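Coordinates in review
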Amino acid sequence: MALLALAGCQTAPQKGLTPGQISVLKQQGFELTDDGWAFGLSGKVLFGSDDDGLNAASTEIVERIGKALLAVGIERVRVDGHTDASGKESYNQTLSMRRAKSVANVLTTVGMKEENIQLRGLGSNEPVASNNSAAGRTENRRVSIVVSAG
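If you look the protein up in an unreviewed UniProt entry, it shows as OmpA-like domain-containing protein from Pseudomonas arsenicoxydans. Taken directly from UniProt, the Subcellular location (unreviewed entry) text for the protein runs: "Cell outer membrane".

This is the structure we're talking about:
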């Protein structure tokens, strides 16, 4: 009986990510953060002021990432939308959620299930650059794709 229980443990699903999955995340430009593996689309997928639409180049990046994740069995992600500090925070909150949804829509077109994509609109709460310059505000209008490490 103990042998049967031990065999059951060996077939239990593995927690966390496999070395192969981690390799693909690194190849795609993901970096390990406190939240998991994150692909910061800042500098890669940026939004214009008051804009939530992805341009063709940004759409291609998100499609490539989505296909690569699915190819190695990563089916769940979190998409965090961000804004610069211009405008009212309540509006920025909504805008950041629309940006996250734009990225999620592309991920679903490559086969990721909508229910496996968690959306967060973070407004201007987590800037990566100063909002005191046009360049900084541009960097803060971004989306991150996060894969949980656990």
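From this point, the discussion proceeds with the structure in view.
**Let's talk about the packing of helix α3 (residues 56-71) against helix α4 (residues 89-109)**
Helix-helix packing: each pair is described by the crossing angle between the helix axes and the interaxial distance. Contact geometry for α3 and α4: axes closest at 9 Å, N-to-C directions at 55°. Relative to α4, the element α3 lies oblique. In this structure, α3 meets α4 at a crossing whose hand is right-handed. Along its contact with α3, which presents Thr59, Val62, Glu63 and Gly66, the element α4 presents Val103, Val106 and Leu107. For the contact of α3 with α4, a count of residues per class yields four nonpolar, two polar and one charged.

**Focus: α3**
The first and last C-alpha atoms of α3 sit 22 Å apart over 16 residues, in line with the 22 Å expected at 1.5 Å per residue. Buried within α3 we find Ser58, Ile61, Val62, Ile65, Gly66, Ala68 and Leu69. The buried residues of α3 occupy an angular sector of 165° when the element is viewed end-on, so they sit on one face. Residues of α3 that are exposed and angled more than 90 degrees away from the buried face: Ala56, Glu60, Lys67 and Ala71. In this structure, the buried side of α3 is in contact with α2 (19-27), β2 (36-40), β3 (77-81), α4 and β5 (143-147). The residue sitting at the N-terminus of α3 and contributing the capping side-chain oxygen is Asn55; that oxygen lies 3.2 Å from the backbone nitrogen of Ala57. Gly73, located one to two residues past α3, shows a positive phi value of around 80°.

**Looking at the pairing of β2**
Buried residues dominate β2, accounting for four of its five residues. Sheet analysis places β2 next to β5, joined by four bridges and oriented antiparallel. Counted as the bridge partner of Ala38 is Val146 from β5.

**Digging into the packing of aromatic side chains**
In the structure shown here, the tally under the stated rule is one aromatic pair. Judged by centre distance (5.5 Å) and plane angle (50°), the rings of Phe30 and Phe39 are tilted. Accessibility assignment for this pair places Phe30 and Phe39 in one class, buried.

Reading the values: rules and limits
Residues numbered from 1 in each chain as written. Predicted model: local features only at pLDDT ≥ 70, side-chain atom pairs only at ≥ 80, totals over all residues. Heavy atoms only, no water. UniProt positions renumbered as here; feature names shortened; annotations may be inferred. Axes fitted to C-alpha atoms, helices over the stretch in contact; angles between N-to-C directions. Helix = DSSP H or I, 4+ residues; strand = E, 2+ residues; numbered from the N terminus. Parallel < 35°, antiparallel > 145°, perpendicular 65-115°, else oblique. Left-handed = near helix turned anticlockwise from the far one by under 90°. Contact = heavy atoms within 4.5 Å. Nonpolar A, V, L, I, M, F, W, Y, C, P; charged D, E, K, R; others polar. Expected span 1.5 Å × (residues − 1). Buried < 20%, exposed > 50% of the residue type's maximum accessible area, 1.4 Å probe, protein only. Arc of directions from axis to C-beta. Polar contact = N/O pair within 3.5 Å; in protein donor to acceptor, adjacent residues only side chain to side chain. Pairing = 2+ DSSP bridges. Phe/Tyr/Trp six-rings, centres within 6.5 Å; stacked < 30°, edge-to-face > 60°.

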